[in-house]
Amino acid sequence: MKALAYELAHPLDAFAIELVDVAEPRPRDGDVVVEVAAIGINPGEAAIRRMRSAAPGGRVVLGWEFAGVVVATGKSATGFAIGDRVTGTGDVTRDGAWAERVAVDHRVVAKIPDELSFTDAASLPIGVLTAWEALFRDQDSLPAGVDRVLVIGAAGGVGSMATQLLKARSAFVISTASRPESARWVTAMGADLVVDHHGDLPGQLRAAGIGSVDAVLSTAGTGGHLGSIAEVLRPFGHLAFVDAAGPVDLGAFTGKSLSLHTEMVFSKITAGGDPSSQGRILAHVAQEVVAGRMRPIVTTTLHGLTAETMRTAHTLAESGRTVGKTVLVTPN
């Protein structure tokens, strides 16, 4: 089959991902094999491309956000049948979905209604699961006493889904955006108040009559915002972040007895958690989208499983100026 792959880590200006022939995926007992119809593109995958090389003689196939049709099932992959329309993520230790077909643990896959297009479905998994686990941890609700939440970097995939999940639980959401187009986007996602993360966050909140927040979800640039975050969080508040914050001075955090939460969407499948919860979350959100209570976040659609379309996708991902999600639609 065809797949987009590379051998050596490389920067965007030396883009080396090529469409090549690779072996068909070999499913494990708990896998489903999916014919890929659409692929969600994530900044994290561009970061992996810059840092991770293949083993000698090997190649790297990235891509852990997809939608498509089940074409084979392992003997213990319960709940799925050939022909099922699905969406899911994957496992960063295995080949991803930048290919015609992908084998993936069935527990991180969910069936999707016929009313949900593959393009829209592929925009959901990483943002939904990252936001859900960062905000709700291993529960289905916010920590007790959390009603007012600041989302830093709210226009991206994670922030867009976080805002919607928070509004579904009646939280007051303060979203950051630095440009008019991103401010319009986060407002459309449901933000109650928009502030500029390049400005004085505590000052902007005070000007809006807000002295503190109960929780902060930071999706990018966490290290540069730690001082402001510590200032705006109430005592015993919560900070969840999904990027590598770098060295952290915990003095201001311990002074307020703050809780720090890290999140990595693949931890349940790579570190011994319960991946089946992710399949249930994806199924729930797919139904919410079809019912009109949540919305997909596609803003850019590219066509074709080609090196050219993937380079365009990576250029957008590394620009730091995209809103919502870029989805690549593959030929059927």
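Preceding this paragraph is the structure being described.
Calculation notes
Residues numbered from 1 in each chain as written. Predicted model: local features only at pLDDT ≥ 70, side-chain atom pairs only at ≥ 80, totals over all residues. Heavy atoms only, no water. Pairing = 2+ DSSP bridges. Helix = DSSP H or I, 4+ residues; strand = E, 2+ residues; numbered from the N terminus. Axes fitted to C-alpha atoms, helices over the stretch in contact; angles between N-to-C directions. Contact = heavy atoms within 4.5 Å. 1 Å grid on protein atoms, 1.4 Å probe; cavity = no way out; pocket = protein on both sides within 12 Å on 5 of 7 lines; lining within 4 Å. Points joined across faces, edges and corners; volume = space filled by probe spheres on them. Nonpolar A, V, L, I, M, F, W, Y, C, P; charged D, E, K, R; others polar. Phe/Tyr/Trp six-rings, centres within 6.5 Å; stacked < 30°, edge-to-face > 60°. Buried < 20%, exposed > 50% of the residue type's maximum accessible area, 1.4 Å probe, protein only. Core = buried A, V, L, I, M, F, W, Y, C linked by side-chain atoms within 4.5 Å. Patch = residues over 30% accessible without salt bridge, like charges linked within 9 Å, V, L, I, M, F, W, Y side chains within 5 Å. Areas by Shrake-Rupley, 256 points an atom, 1.4 Å probe, with all protein chains shown as cover. Salt bridge = Lys/Arg side-chain N within 4 Å of Asp/Glu carboxyl O. Expected span 1.5 Å × (residues − 1). Parallel < 35°, antiparallel > 145°, perpendicular 65-115°, else oblique.

S.K.: Whenever I open this one, the sheet that holds strand β13 (residues 259-262) confuses me. Can you help?
M.R.: Two strands in a sheet stick together by hydrogen bonds in their backbones, pointing the same way (parallel) or opposite ways (antiparallel). On the basis of which strands lie adjacent, the open sheet formed by 6 strands has the order β10-β9-β8-β11-β12-β13 and parallel pairing. Single-partner strands in this sheet number two, and they are β10 (193-195) and β13. Adjacent strand axes in the sheet meet at a mean angle of 20°, parallel and antiparallel pairs treated alike. By the bridge criterion, 5 bridges tie strand β11 (residues 213-218) to strand β12 (residues 233-241) in an arrangement that is parallel. By the bridge assignment for β12, valine 213 is matched with leucine 233. Sheet contacts for helix α4 (residues 157-168): β8 (148-152), β9 (172-176) and β11; angle to β9, the most-contacted strand, approximately 165°.

S.K.: How should I be thinking about empty space enclosed by the protein in this particular structure?
M.R.: Here the idea is plain: a probe the size of a water molecule rolls over the atoms and shows the empty space left. Taken as a whole and judged by the stated rule, the model has 2 cavities of 30 Å³ or more. Empty space within the largest cavity amounts to approximately 80 Å³. Taken together, Ala134, Leu135, Arg137, Leu142, Pro143, Val146, Ala215, Val216, His238, Leu239, Ala240 and His261 make up the full set of residues lining the largest cavity. Sorting the residues of the lining of the largest cavity by element identifies α3 (125-136), β11 and β12 as the ones contributing at least two each. Take the lining of the largest cavity: its biggest share by element is 3 residues, from β12. In this structure, the second largest cavity occupies an estimated 50 Å³ of space. By residue class, the composition of the lining of the second largest cavity is 6 nonpolar, 4 polar and 3 charged.

S.K.: Would you mind going over the packing of aromatic side chains with me for this structure?
M.R.: Each aromatic ring pair is characterised by the separation of its centres together with the angle its planes make. Per the stated rule, a full pass over the model turns up 2 aromatic pairs. With 6.0 Å between their ring centres and 75° between their planes, tryptophan 64 and phenylalanine 266 make a pair best called edge-to-face. Taken together, the residues tryptophan 64 in the loop between α1 (43-51) and β4 (66-73) and phenylalanine 266 in the loop between β13 and α9 (267-270) connect sequence positions 202 residues apart. In this structure tryptophan 64 comes out as buried when scored by relative accessible area, which is 2%. Their ring planes at 85° and their centres at 5.2 Å tell us that tryptophan 132 and phenylalanine 136 sit as a pair that is edge-to-face. On the criterion of helical spacing, the pair formed by tryptophan 132 and phenylalanine 136 is a turn pair, its members being 4 residues apart in helix α3. Neither tryptophan 132 nor phenylalanine 136 differs from the other in exposure class; each is buried.

S.K.: Can you help me understand the environment of glycine 58 in this one?
M.R.: With respect to the secondary-structure elements, glycine 58 resides in the loop between α1 and β4. C-alpha of glycine 58 to C-alpha of tyrosine 6: the two residues are 52 residues apart in sequence and 8.8 Å apart in space.

S.K.: So what exactly am I meant to see when it comes to the layout of surface pockets here?
M.R.: As a volume, the largest pocket reaches approximately 1300 Å³. If you list the elements that add at least two residues to the lining of the largest pocket, you get α1, α3, α4, α11 (307-319) and β15 (325-329). Residue contributions to the lining of the largest pocket peak at 4 residues, all from α1. Taken as a whole, the second largest pocket spans an internal volume of roughly 250 Å³. Along the wall of the second largest pocket there are 17 residues; nearest its centre are Glu24, Pro25, Arg26, Asp95 and Ala103.

S.K.: I would appreciate a short explanation of the nonpolar core in the present structure.
M.R.: For soluble globular proteins, nonpolar side chains are generally found buried alongside one another. Val32, Val34, Phe66, Trp98, Leu135, Leu166 and Met310 are the most contacted members of the largest nonpolar core, which has 85 residues in total. Counting residues per element, this core draws most heavily on α3, which supplies 8 residues. When neighbours within four sequence positions are excluded, tryptophan 98 is seen to be in contact with Ala3, Leu4, Ile17, Ile39, Ile41, Glu45, Val61, Leu62, Gly63, Leu305, Met310 and His314. Of all hydrophobic cores here, the second largest spans 18 residues; its members include Ile174, Val213, Ile229 and Ala230.

S.K.: Help me understand a nonpolar patch on the surface in this model?
M.R.: Taken together, the side chains of Val248, Leu250 and Leu260 present a nonpolar region at the surface, about 220 Å² in accessible area. Along the chain, the position of valine 248 falls in the loop between β12 and α8 (251-255).

S.K.: What is the right way to look at α4 in this model?
M.R.: In a regular helix each residue adds 1.5 Å, so 12 residues correspond to 16 Å; α4 covers 17 Å between its end C-alpha atoms and thus fits that length. Most of α4 is tucked away, with 10 of its 12 residues classed as buried. Taken as a whole, α4 has its buried residues at Gly157, Val158, Gly159, Ser160, Met161, Ala162, Thr163, Gln164, Leu165 and Leu166. On the buried face of α4, the contacting elements are α3, β8, β9, α5 (180-189) and β11.

S.K.: Whenever I open this one, the packing of α1 against α11 confuses me. Can you help?
M.R.: Each packed pair of helices is defined by two parameters, the angle between the axes and the distance between the axes. Relative orientation of the contacting elements α1 and α11 amounts to 105°, with a least axis distance of 9 Å. Judged by the inter-axis angle, α1 sits roughly perpendicular to α11. Side by side, α1 and α11 meet where Pro43, Glu45, Ala46, Arg49 and Arg50 of the first sit next to His314, Ala317 and Glu318 of the second. When the residues that make up the contact of α1 with α11 are grouped by side-chain class, the tally is 3 nonpolar, 1 polar and 4 charged.

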